[in-house]
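Chain by chain, the residues run as shown.
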Amino acid sequence: MIIAIVCIAGIGLVAAVALALADRYLAVKEDPRIGMVTAVLPGANCGGCGFAGCDAYARALVAGTAPNGACAAGGDACAAEVAKILGVAATATEKRVALVKCCGTRSEAIRVGDYNGICDCATAAMTAGGDKGCKFGCLGYGACANVCPKNAITIHDGLAKVDKRLCIGCGKCVKACPKNLIELVPASATIHVLCNNPVRGPEVRKVCGVGCMGCHLCEKNSGGKEAGHFTFQGFLAKVNYENPPTDATIVSKCPAKCMIEDPHFETGH
Amino acid sequence: MKTVKSPFKFKGGVHPDYNKELARDMPIERLPLPGELVISMSQHLGAPAKCIVKAGDEVKRGQVIGEKNGFISVLVRASADGKVKAVEKRLGPAGSSADAVILETVPPEDNNPAPILPPLDWKTATREELLKRVEEAGICGMGGAGFPTSVKLNPPPGKRCEYLVLNGAECEPYLTADFRVMLERADRIRVGVEIMRKILGMCAVRIAIEDNKPEAITAMEKAFADIEGNVEIVRLPVLYPQGSEKHQIYATVGRIVPEPPALPIDVGCVVENVGTVAAIADAVEKGEPLLERVTTVSGDAVATPKNILAPSGTKYSDLVAFCGGEKEHPAKIISGGTMMGFAVSSLDIATTKTTSGLLLLSSRKVFQYGSQACINCGRCLRACPMNLNPAEISKAVEADDIKTAENAHVMTCIECGACSFGCPAYRTITQFCRRAKASIRARMAAERAAAAAAKAAEDAKKEAK
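Quick caveat: nothing in here was measured; it's all calculated off a predicted structure.

J.: What is the right way to look at the layout of surface pockets in this model?
T.: Unfilled space is identified by rolling a water-sized probe across the atoms. If you add up the space inside the second largest pocket, you get close to 1,300 Å³. If you go around the second largest pocket, you meet 28 residues; those closest to its centre are Lys135 and Phe136 of chain A together with Lys89, Arg90 and Leu91 of chain B. A total of four residues in the lining of the second largest pocket trace back to one element, the largest contributor, which is strand β8 (residues 82-91) of chain B. When the residues that make up the lining of the second largest pocket are grouped by side-chain class, the tally is nine nonpolar, nine polar and ten charged.

J.: Hey, could you run me through the pairing of strand β3 (residues 36-40) of chain B in this one?
T.: Working note: regular strand, side chains alternate between the two faces of the sheet. Residues and elements named next belong to chain B. The buried count for β3 comes to five of five residues, which makes it a mostly enclosed element. Where burial is concerned, the two faces of β3 agree: the one with Glu36, Val38 and Ser40 and the one with Leu37 and Ile39 are both buried. Here five bridges tie β3 to strand β9 (residues 97-105), and the two strands are oriented antiparallel to one another. Residue pairing for β9: Ser40 is matched across the bridge by Ala100.

J.: Is there a simple way to think about the domain arrangement of chain A in this case?
T.: By a widespread convention, an interface's size corresponds to the accessible area lost as its parts come together. All names here are of chain A. Domains assigned within chain A are domain 1 (32-86) and domain 2 (96-261). Computed from C-alpha coordinates alone, the two centres of domain 1 and domain 2 are separated by 31 Å. Taken residue by residue, the interface counts six residues in domain 1 and six residues in domain 2. Remark: the boundary between domain 1 and domain 2 carries zero salt bridges. Our enumeration of links across domain 1 and domain 2 arrives at one residue pair in polar contact (both at pLDDT 80 or more). A per-class count over the side of domain 1 that touches domain 2 returns four nonpolar, two polar and no charged.

J.: What am I meant to see in the interface of chain A and chain B here?
T.: Each side of the interface is counted separately: chain A has 14 residues, and chain B has 14 residues. The junction of chain A with chain B conceals about 1,200 Å² of combined surface from both sides, 54% of it contributed by carbon and sulfur atoms. The largest per-residue losses of area from chain A upon contact with chain B belong to Asn116, Ile118 and Met126 of chain A, which jointly make up 48% of the total buried on that side. The interface formed by chain A and chain B contains one salt bridge. Of the charged contacts in the structure, one is a salt bridge between Asp120 of chain A and Arg435 of chain B, with a shortest N-O distance of 3.7 Å. Our count for the chain A to chain B interface comes out at three residue pairs in polar contact (both at pLDDT 80 or more).

J.: When you look at helix α5 (residues 214-223) of chain B in this model, what are you seeing that I'm missing?
T.: Along an α-helix, residues three or four positions apart point the same way, because every turn accommodates 3.6 residues. Residues and elements named next belong to chain B. Of the residues making up α5, those classed as buried are Ala216, Ile217, Ala219, Met220 and Ala223. Down the axis of α5, the buried set is contained in an arc of 165 degrees. They therefore lie on one face. Where α5 is buried, its residues contact β1 (2-5), α3 (177-184), α4 (186-200), β11 (204-210) and β12 (231-236).

J.: Hey, could you run me through the packing of helix α1 (residues 127-136) of chain B against α4 of chain B in this one?
T.: Each pair of packed helices gets described by two things: the angle between the helix axes and the distance between those axes. Residues and elements named next belong to chain B. Running from amino to carboxyl end, α1 crosses α4 at an angle of 120 degrees, the nearest separation of the two axes being 9 Å. Judged on the interaxial angle alone, α4 and α1 are oblique. Between α1 and α4 lies a crossing of left-handed hand. Residues Arg127, Leu130, Leu131 and Val134 of α1 lie in contact with α4, whose contacting residues are Ile195, Lys198 and Ile199. Residue composition of the contact of α1 with α4, grouped by class: five nonpolar, no polar and two charged.

Rules used throughout
Residues numbered from 1 in each chain as written. Chains lettered and ligands numbered in written order. Predicted model: local features only at pLDDT ≥ 70, side-chain atom pairs only at ≥ 80, totals over all residues. Heavy atoms only, no water. 1 Å grid on protein atoms, 1.4 Å probe; cavity = no way out; pocket = protein on both sides within 12 Å on 5 of 7 lines; lining within 4 Å. Points joined across faces, edges and corners; volume = space filled by probe spheres on them. Helix = DSSP H or I, 4+ residues; strand = E, 2+ residues; numbered from the N terminus. Nonpolar A, V, L, I, M, F, W, Y, C, P; charged D, E, K, R; others polar. Buried < 20%, exposed > 50% of the residue type's maximum accessible area, 1.4 Å probe, protein only. Pairing = 2+ DSSP bridges. Domains from an automatic or database assignment. Contact = heavy atoms within 4.5 Å. Salt bridge = Lys/Arg side-chain N within 4 Å of Asp/Glu carboxyl O. Polar contact = N/O pair within 3.5 Å; in protein donor to acceptor, adjacent residues only side chain to side chain. Buried area = accessible area lost by both parts, 1.4 Å probe. Arc of directions from axis to C-beta. Axes fitted to C-alpha atoms, helices over the stretch in contact; angles between N-to-C directions. Parallel < 35°, antiparallel > 145°, perpendicular 65-115°, else oblique. Left-handed = near helix turned anticlockwise from the far one by under 90°.

The following block contains the structure:
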């Protein structure tokens, strides 16, 4: 009995001394700020900052190789916290959110075939360019929704919609979309052109009831070319998000009905 | 020359309904020159050609309008006289967009125009001259993938062609274009074979024809009756995918082509479609580049199925109109055969050098299904001619597990469709394989790009030092 107690106590003592010594001499020196920064980051591990998760970004921040403010999910509040810990000024960032630049629902944009293969946008696009008449529009098979870490994207009536309140701007959906029609836009912008088809008006009209025809009316109504609220790619109007339009009346004047003024992008048409 | 039965039989394969009787007795008819041609710069797998004309240019029949752009590439020539209306992106049969020349044609002034390239006498011409001619004529494989023929006919040093296999199997349902070429242009095929033997060296020739085309076998026997050397006509049993390059090599000479990137030349074989061989004969003897091809327009929704000789770039709508239009509204339009062809959504697509068929099928022939869960019956394993496990691959891809699919050798899949054909759960197994292959290829391309960028950065660093 006594022998057992002594043995166990002795082993415990030796182990404790060994552990204490190991802690003293074999410790891996880590900057304590890494842990502190990791704690204030959102922990979503979305990869939107360009690093493999929040921990990798925190290490890069402490090492001084990453700009403070790259975390889209945390936003300004998070950048300010990080600035407090590290003493580096936060570069001003604006929260960016994903925008699906298409509003061709099943009732508006014609479907030229019945696709009944794998429910995946890239695979559908491989089959005769997809079943949508418009070869630039959203196919609605949810490649973006499948990669969204926040379930901010849902498919309504053959069209992906982003909930601005949930979106953290990580940009995963931008990479997943085979039609390249998702863009990260400033969350403060409320007026958008929901079309991605740069071809001529009559061609667009053949395949979609709500496609941009490049009539420049939005530009004219918002103060003309000098105001610089819109840029044009072929026959497609694009909002200049450096200098977004603010007058919401231009939305209802769009003859193609492809503009929206919506704080959440949810309702659409 | 003798006719033999196929000495080897590959594992797997399926027996779809062939439906060849629709067009098999229709002689090849020439399509009157359409008013507009859409000539794609992407005529085959590999790099698309570089367009060298612009809107407003006048072009002559046979003029080069697209230059070779890389090693696995063929040049593109205008298939008629005319004026370039525009150069723009157009959807191709395979579902991808590529630059295309929209040509407004004008009827030829002269009914007997001078040859586009100077005719050569193959008996006196050198090997280099002949090879250069095949390249100049823009000839690529007319069976399906469209591999540049000049690359195939010029084996890398150290590799020798022992067997030239002529692919006349035409195992795809509905298609009869190769069959008609074998019947009507047997003498051209014979000349083509002699030219190819001159280029490749005196190799043995195997002409592979499926059993269900006895007329073609007779025609070939007649044309090749007095040919010298080791020439055999091999009668293949009717089995899909008998026309696949790898399976044809096994069925005729018993050799197995290893996994990609190995090519048939690695086992001493060159496989050419019979149509390509006839095109080689025309290119050399008549100086006529590959500007037109025979396309089968068939299916139960076409008024009169036909085998049409049409210039490359003919719109599908022109082909269908030549066949008397649609008998009824087609439920499915397929560019190519039913097994490996591509479903297309409109007739506003133009033919390329590889378009062997256009099928319009009514709703009675098209089965609308939804993919269901795998029931582990193993029919796809028995059907797969490449000895793969399609069930495992399809389940892995469905779960987005591309790595498992890659370990199951999905890259060897030839996308023949035998697995999907027999699946009682209507699973789109071939599409799963295609999806896995596309993502693996994209990943490999990204890795190559990253490696190249890293190397460039290292070189720049070295230079800075």
